Amino acid sequence: MENFDNIIIGSGQAGTPLAFKLASKGQTVAFIEKEHYGGTCLNTGCTPTKAYVASARRIWEARHGDALGIYIPKGASANLQNIKERKDALIKGSVDGIAESIKKNDKITAFRGEARFTGNKEVFVAGKTLSAERIFINVGGRPRIPQEYRSAGPLTNKSILELTELPEHLVVVGGGYIGLEFGQMFARFGSKVTIVERGDRIISKEDEDVSQAIQEALEADGVDFRLKANCMAARRLDNGKVEVTVDCDSGKPTVVGTHVLLAIGRDPNADLLDLEKTGVETDNKGFIKVSETLETNVKGIFAMGDCNGQGAFTHTSYNDFQIVDNQLFGDGSRTLSDRITTYGLFVDPPLGRVGMTLAEAKEKGKKILTNTRPMSKVARAREKGETRGLMRVVVDADSEKILGASILGTGGDEIIQGITNLMYSGSSYQVLRDSVQIHPTVSELLPTLLEGLK
């Protein structure tokens, strides 16, 4: 038995900064990682996919120069091998940096392997039993692969990043955030892409006009959509191709492609930990239940990141670290309920989102003020030749506080941050309405947007 002050299981965006923070306070840390330092974001999520998005954007620009008077006679093509190598180099630099920092820190002891609980404060890994009074679980999640797809050998968000040759026809099952990003980027690389979605529209959590605008943007890149797919499954054909059952109200009942990407959600890795040995409770979806301070029902055991079901983003995972850090070493004021939901969809044009959609605000019965303006009204968007999308803001009429916003358009993933900051400040929308914005920028439409609330 090896004893530590703390055990951290998983090196994602909550576990890694916490390990170094605890070490800086003179506490010993057993730091367990079964695969790669950095978690999903660094290895199979944000870093690699945004590198691919950048490559897809570059080829789009090369093919659309004529709209701005630029002509590239030979056109452009994608080399997936080179795109992958660039991605791998980006990841390696960050992973190696984490590993080197751990190696140099005499308070952190690294263990490689899959951890399993043997008791409330005991963990078995790599042939050793470790104990600590505080244990932090940061084990993330994995792609969901239902039985009806397994015989087809589907790609996931992880394995598709290892391809070195472009799929001839990529069938993406799932019209959510992951499926849309991969669908657009591979269409731009040169693959034929079909996105199959069970619902009657993509990303149904967004307002309908936002969903429609995003679908139209992807269709402009050549992506086909099969919606209302009410009986989905996949199988490998004798010729090596894959057949996805769609059974829609109209069109062919199946889609046949060369590759299928499954993007229908992720499951938490909590079930790999033998939590039944601890008494730690999970919900009906397998997520670890936590309090406002990220502690489980077992005192001294915390759950952070994707495995607690309180957010599925890198920034929410890092915020989990900030909450725990504040509880351990700060004034204890930071909690989960402080967090405002915000995220981006990194298609092109990107979507920046914060707070409620218009539909959600209406459902809650709030008295609201709102305004929507098309990106075609933004001078900078017209100058850039990128007028797809819209801006929308939703305001509480009584408190004058912004309830939410959707910015779909060029720079939308960055512009949303200004609204997010205003919401965290608790200020009236009038602060932004009366501000002076730089011209010519996309953000300068925000005051005009807020002047026109109805």
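All figures in this text were calculated on a predicted structure; none of them were measured in a lab. Sequence order as written defines residue numbering, which begins from 1 separately in each chain. Only residues with pLDDT of 70 or above have their local features reported here, since the model is predicted, and side-chain atom pairs are shown and tallied only from 80 upward, although totals for entire chains, interfaces and linings are computed over all residues. Values reported for side chains reflect all heavy atoms of the structure, with hydrogen atoms and water molecules removed beforehand.

1. Some words on the sheet that holds strand β17 (residues 342-345)
Piece 1. Any two strands between which DSSP finds at least two bridges are classified as paired. By the criteria applied, helices consist of DSSP H or I runs no shorter than four residues and strands consist of E runs no shorter than two, each listed in order from the N terminus. Strand order in the open sheet formed by five strands is β17-β18-β21-β20-β19, with antiparallel pairing between adjacent strands. The open sheet has two edge strands with one neighbour each: β17 and β19 (368-374). Averaged over all pairs of adjacent strands, the angle between their axes in this sheet comes to 10 degrees, without regard to strand direction.
Piece 2. Where β17 meets strand β18 (residues 351-355), four bridges bridge the pair, whose relative direction is antiparallel. Its bridge partner lying in β18, L345 is registered against L351.
Piece 3. In this description, contact between two residues means that some pair of their heavy atoms is separated by no more than 4.5 Å. For helices, the fitted line uses only the C-alpha atoms of the stretch in contact; every axis is such a line through C-alpha atoms, and the angle between N-to-C directions lies from 0 to 180 degrees. Against the sheet, helix α11 (residues 412-425) makes contact with β17, β18 and β21 (402-408), and its axis sits at roughly 170 degrees relative to β21, the strand it touches most.

2. Focus on the sheet that holds strand β11 (residues 233-236)
Piece 1. Spatial ordering of the open sheet is given by β11-β12-β13, a layout of three strands whose pairing is antiparallel. This sheet does not close on itself; its edge strands, each paired only once, are β11 and β13 (254-257). Strand-to-strand twist across the sheet, computed as the mean angle between neighbouring axes with direction ignored, equals 20 degrees.
Piece 2. As judged from the four bridges shared by strand β12 (residues 242-245) and β13, these two strands associate in the antiparallel manner. Across the sheet, residue V242 finds its bridge partner in β13, namely G257.

3. What about the side chain of N308?
Piece 1. Here N308 shows up in the loop between β16 (301-303) and α8 (314-329).
Piece 2. A distance of 2.8 Å separates a polar side-chain atom of N308 from the backbone nitrogen of Q310.
Piece 3. Apart from residues no more than four positions distant in its own chain, N308 is found in contact with F287, I288, V290, L294, A303 and D320. For the purposes of these results, a polar contact is taken to be a pair of N or O atoms within 3.5 Å, where, inside protein, one atom must be able to donate a hydrogen and its partner to accept one; residues adjacent in sequence count only when each atom of the pair is a side-chain atom.

4. Observations concerning helix α1 (residues 15-24)
Piece 1. Remark: exposure states derive from per-residue accessible area (1.4 Å probe, protein chains only) relative to the maximum for the residue type, with buried under 20%, exposed over 50%, and partly exposed in between. Those residues of α1 lying buried are G15, T16, L18, A19, L22 and A23. Buried residues of α1, viewed axially, fall in a sector of 165 degrees; they line one side.
Piece 2. Once α1 finishes, G26 follows within two positions and takes phi at roughly 85 degrees, a positive value. The arc in question is traced by the directions running from the helix axis to the C-beta atoms.

5. Focus on the nonpolar core
In a soluble, globular protein the nonpolar side chains are often hidden away together inside.
Piece 1. If you look at the biggest cluster of nonpolar residues, it comprises 48 residues, and the most contacted ones within it are I7, I9, I32, F117 and I137.
Piece 2. Sort the elements by how many residues they give to this core and strand β6 (residues 128-137) lands first, with five residues.
Piece 3. Setting aside residues up to four positions removed in sequence, I32 forms contacts with I7, I8, I9, G10, S11, F111, G113, A115, V123, V125 and L130.
Piece 4. Residues belong to one nonpolar core when they are buried, are Ala, Val, Leu, Ile, Met, Phe, Trp, Tyr or Cys, and are joined through side-chain atoms within 4.5 Å. Membership of the second largest hydrophobic core comes to 33 residues, among which are L163, L170, F186 and L261.

6. Regarding the packing of helix α3 (residues 46-63) against helix α4 (residues 80-104)
Piece 1. Look at α3 against α4: their axes get within 9 Å of each other, and the N-to-C directions meet at 140 degrees. As far as their axial angle goes, α4 and α3 are oblique. When you trace α3 past α4, the crossing you get is right-handed. Residues T47, P48, A51, Y52 and S55 of α3 pack against L80, I83, K84, R86, K87, L90 and I91 of α4.
Piece 2. As a working rule, the residues Ala, Val, Leu, Ile, Met, Phe, Trp, Tyr, Cys and Pro are called nonpolar, Asp, Glu, Lys and Arg charged, and the rest polar, with Gly in that last group. Of the residues contributing to the contact of α3 with α4, the split by class is seven nonpolar, two polar and three charged. Here roughly perpendicular refers to angles of 65 to 115 degrees, roughly parallel to angles under 35, roughly antiparallel to angles over 145, and oblique to all remaining angles. Helix crossings get a hand from a simple test, with the near helix turned counterclockwise from the far one by less than a right angle marking a left-handed crossing and a clockwise turn marking a right-handed one.

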